[in-house]
There are 2 protein chains.
Amino acid sequence: MLGRDAVEFPVAVVLPAAGCGERTGLSTPKQFCTFLNRPLISFTIETFERIPWVESIVVVVAKESHELMLQIIHQFQHAKVKVVEGGTTRHRSIFSGLQAFSESAEGPVLPRPKVVIIHDAVRPFVEEDFLLKITLAAKEQGASGAIRPLVSTVIATTSEGFVDHSLERTKYRASEMPQGFLYDVIYQAYQRCSEFDFEFGTECLHLALQYSGTSAKLIEGPPTLWKVTYKRDLAAAESIIKETLSLSACLISGAMAETIELSNRLQKNLESHHMAVDVIPCTEENNERLLKTRNFIQISTSGASLSETEEMVKVFEESKHALLYPVVIVWVHLRMSDEASDIQTNDELTAIMDLSMKVKQGNILLYSVRIIYSKVPELWERSIARLSEITMSLVRDRNPVLTGQMLQA
Amino acid sequence: MLGRDAVEFPVAVVLPAAGCGERTGLSTPKQFCTFLNRPLISFTIETFERIPWVESIVVVVAKESHELMLQIIHQFQHAKVKVVEGGTTRHRSIFSGLQAFSESAEGPVLPRPKVVIIHDAVRPFVEEDFLLKITLAAKEQGASGAIRPLVSTVIATTSEGFVDHSLERTKYRASEMPQGFLYDVIYQAYQRCSEFDFEFGTECLHLALQYSGTSAKLIEGPPTLWKVTYKRDLAAAESIIKETLSLSACLISGAMAETIELSNRLQKNLESHHMAVDVIPCTEENNERLLKTRNFIQISTSGASLSETEEMVKVFEESKHALLYPVVIVWVHLRMSDEASDIQTNDELTAIMDLSMKVKQGNILLYSVRIIYSKVPELWERSIARLSEITMSLVRDRNPVLTGQMLQA
């Protein structure tokens, strides 16, 4: 990361998450809505936790969510987080968060940072390079904030509900998050601001300007900064994360000529759909390569047992590889003839179903696909094409309901 | 619809769709991006076409999209649409659309409406009751427009990129679509406006005010009015449509005691997941009830043929029931014992796969689920729970890749 070394001062984050999220139309506040087995707020926390120069993260929650938040932190092993209880408005909550760094009767709870980043719990996609820009600008100018172009025209309305005038779009920007401040600048602003500000103010940049005389540097951010506001935004966020998770896979080809040939064909098809595929012959001594992706396609032939899959699962469990994101394993079973052996098929199906139920608790999603070798080139081609489609779809959808199924390519 | 009768005057719609949509990050303009086998713009057209008091819809496209648009209209049998070629800016395109109703050398192409609604091709979710409000207000006041509260604070920036001041949120609104105008008001505004307006203006309401002296009545719209702008919005739109399609299903129970019992259990489970389920014993003489939903769950026992499914497919094909939205059929196969009959299973699998491939071209998605009866109550309970989960998931996801598969409950 270019410039990461420039952060030679302590940086902390405050994440206000005490809102009730009535705009999603859901009963759960949106920061606690879950997808891929994890609440939205944990994705946002993870984003900051991965950044080495962020020292601590203060999450401000409503009293009734305190226990839930502690449980989330425990379950997903977030290490840099301190939870504090918020106030009745956004500004009171942010101030509560900032107070965690200041003196109390027993001294400060957390070491006071030079720069504090204020972000929203419901904007999970902020990236390190943008945070770096915000942080360095805050250090230099005292305050900084993300902006975006206006998507809609903004109009002033008359008291009777008619259009008065519309604003010139080029002179105005939407103020977004994250914002960065010298800790002293924003803390002083909150100490000096009025009850009216605490109750009705919406904009930290405005407080810094009015009460600390600091005019924030504005930096245009990427569209991914958007705020999860409505129910549809949850679907959008889930889709973005699933797409990111599907960008690569590890293909375990087996050692037989037939499985290697199938593996090569499958690799080619998946790569033409923008999935980077790392091929290894077997899982043994490949633990490091296994931990580079969360998608695995394992090719085996008739009579093969699931023992290699079980070994792989052990590696994931030991390394907590599925803690934050579900791991997908697609067990591809190549049959060299279509002579039916029913007992064998049923045994396999039972074994797959049992194993899939066992590993699902550990966030590992196991599916199987059966492909029957054909000497007729067109049939074989069609099966490989279908195998590729099914594999892409299983990896992309990460559907927990379909684990343990044996699909037919 | 309350008040629908109040529209005793001709109403037409102009849909500008000549933009190139660079903000989605996709090479296809967003109005032509496809989900559920249909381009976004066709969903928007359908919304207006369903409204009886909308007489005609003028879609304005770029020259290079003209052929594609005609093909979409043909494929999805849109009947009220006229396509015209647009200009280089949004305002030029809207003006081109309006000109379709005015005199030309050969007379007007379409009858001139009293009120014209201007909407965006990329806002597919506008509802009739809101369009009615916009239309009646336009008739009364000359102009009307949808507004939404501002999601972000709007700030004025200095030329050096610092914050100057933030706007008081309560006095401003985001101007959205649809907007409604007396045809004469907006046509006159475009005839009088300047080249600068054509090039840089963004707001029809502003032109009506400046060139026709008409101040628009502003009406707050629902959040679903939002504009598909980024790639993530496509995922959100698809999710909304899939959710709406999953609200009801028709369950074909069969006539045997075992299938009826299973059907009752399944109905209860699905209804507890907010899916309204209409149960019928068989498809015969139930054509009307079949056409009330796009999801079908058919329960049958061993030895049953797919002939009833084939009959149902015929009904859908004749009534074009799957023209606009994919129809889902889940064929549930109840086996009374787990004694394996492999040849039978393989035959069934082949029959399902073949039929699914045949009907898929007609936008009918056929899946199957096998459930084995157990005398052990816990096992039977678990199988029914899994059948319910799988059925919900197949209906909800409408995944074309999984058609023809036989899943195991």
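Throughout this document, residue positions are counted from 1 along each chain, in the order its sequence is written. Just so you know, chain letters begin at A and ligand numbers begin at 1, following the order they were written in. Residues qualify for local features only when their pLDDT is at least 70, as the model is predicted, and side-chain atom pairs are given and counted only at 80 or more; totals for whole chains, interfaces and linings, by contrast, use all residues. The side-chain numbers reported here are obtained from all heavy atoms of the structure, hydrogens and water having been left aside.

### Things to note about the nonpolar core
Okay, so step 1: Among the buried residues, those of types Ala, Val, Leu, Ile, Met, Phe, Trp, Tyr and Cys that are joined through side-chain atoms within 4.5 Å form a nonpolar core. Residue burial is assigned from relative accessible area. The probe radius is 1.4 Å, only protein chains are included, and a residue is buried under 20% of its type maximum, exposed over 50%, and partly exposed in between. One finds Val59(A), Met69(A), Tyr190(A), Val59(B), Met69(B) and Tyr190(B) to be the most contacted residues of the largest nonpolar core, which totals 172 residues.
Okay, so step 2: We call two residues in contact when some of their heavy atoms are within 4.5 Å. Beyond its immediate sequence surroundings of up to four residues, Tyr190(A) is in contact with His91(A), Ile94(A), Phe95(A), Leu98(A), Phe198(A), Cys204(A) and Leu207(A).
Okay, so step 3: Grouped together as the second largest cluster of nonpolar side chains are 56 residues, Leu266(A), Met275(A), Val332(B) and Ile371(B) included.

### Concerning the confidence of the model for chain A
Okay, so step 1: pLDDT measures the predictor's confidence residue by residue and takes values from 0 up to 100. When pLDDT is averaged across chain A, the result is 92; 94% of the residues are at 70 or more.
Okay, so step 2: Interface confidence in the predicted complex, given as ipTM, is 0.92; pTM for the same model is 0.93.

### Some details on helix H8 (residues 231-245) of chain A
Okay, so step 1: In this description a helix means any DSSP run of H or I spanning at least four residues, a strand means any run of E spanning at least two, and both kinds are numbered starting from the N terminus. An expected span of 1.5 Å times one less than the residue number is assigned to each helix. The end-to-end C-alpha distance of H8(A), which contains 15 residues, comes to 22 Å, matching closely the 21 Å that a straight helix rising 1.5 Å per residue would cover.
Okay, so step 2: Taken together, the buried positions of H8(A) are occupied by Arg232(A), Asp233(A), Leu234(A), Ala235(A), Ala236(A), Ala237(A), Ser239(A), Ile241(A), Lys242(A) and Leu245(A).
Okay, so step 3: Looking at the buried residues of H8(A), the elements they touch are strand E2 (34-35), helix H1 (40-49), strand E12 (248-252), strand E14 (295-301) and helix H13 (377-397) of chain A together with helix H8 (231-245) of chain B.

### Considering the sheet that holds strand E14 (residues 295-301) of chain B
Residues and elements named next belong to chain B.
Okay, so step 1: If you trace the six strands from one edge of the open sheet to the other, you get E13-E12-E14-E15-E16-E17, paired in parallel fashion. For this open sheet the edge positions go to strand E13 (276-280) and strand E17 (406-408), each flanked by a neighbour on one side alone. Ignoring which end each strand starts from, the neighbouring axes of this sheet average 25 degrees apart.
Okay, so step 2: Two strands pair when backbone bridges link them, and strand E15 (residues 327-335) and strand E16 (residues 364-372) are joined in this way by nine bridges, in the parallel orientation. Paired with His 333 across the bridge in E16 is Arg 370.
Okay, so step 3: Structural elements are reduced to axes, namely lines fitted to C-alpha atoms, with helices fitted over the stretch in contact, and the angle between N-to-C directions of any two is expressed from 0 to 180 degrees. Set on the sheet, helix H9 (residues 257-272) makes contact with strand E12 (248-252), E13, E14, E15 and E16; between it and E14 the angle comes to about 150 degrees. We treat two strands as partners when DSSP finds at least two bridges between them.

### Looking at the side chain of Ser368(A)
All names here are of chain A.
Okay, so step 1: Counting through the fold element by element, Ser 368 comes out in strand E16 (residues 364-372).
Okay, so step 2: Reaching out from Ser 368, the side chain makes a polar contact with the backbone oxygen of Gln 405 at a distance of 3.0 Å.
Okay, so step 3: With sequence-adjacent residues up to four places away left out, Ser 368 is seen in contact with Trp 331, Ile 352, Gln 405, Met 406 and Leu 407. Within 3.5 Å is the distance limit for a polar contact, defined as a pair of N or O atoms, with the added protein rule that one can donate a hydrogen and the other accept it, and that residues adjacent in sequence qualify only through two side-chain atoms.

### Side note on the environment of Cys250(B)
All names here are of chain B.
Okay, so step 1: Its location among the elements puts Cys 250 in strand E12.
Okay, so step 2: Cys 250 sits in the buried class, given a relative accessible area of 0%.
Okay, so step 3: For the pair formed by Cys 250 and Asn 295, sequence separation is 45 residues and the distance between their alpha carbons is 6.2 Å.
Okay, so step 4: Apart from the residues lying within four places of it in its own chain, the contact partners of Cys 250 are Asp 278, Ile 280, Leu 290, Thr 293, Asn 295, Phe 296 and Ile 297.

### Observations regarding the sheet that holds E12(A)
Residue and element names in this part refer to chain A.
Okay, so step 1: Spatial ordering of the open sheet is given by E13-E12-E14-E15-E16-E17, a layout of six strands whose pairing is parallel. Two strands bound the open sheet, and with one partner strand each, they are strand E13 (276-280) and strand E17 (406-408). Strand-to-strand twist across the sheet, computed as the mean angle between neighbouring axes with direction ignored, equals 25 degrees.
Okay, so step 2: As paired strands, E14 and strand E15 (residues 327-335) are joined by seven bridges and run parallel to one another. Within E15, the position partnered with Phe 296 by the bridge is Ile 329.
Okay, so step 3: Where helix H11 (residues 307-319) meets the sheet, it contacts E12, E14, E15 and E16, and its direction lies at approximately 170 degrees from that of E15.

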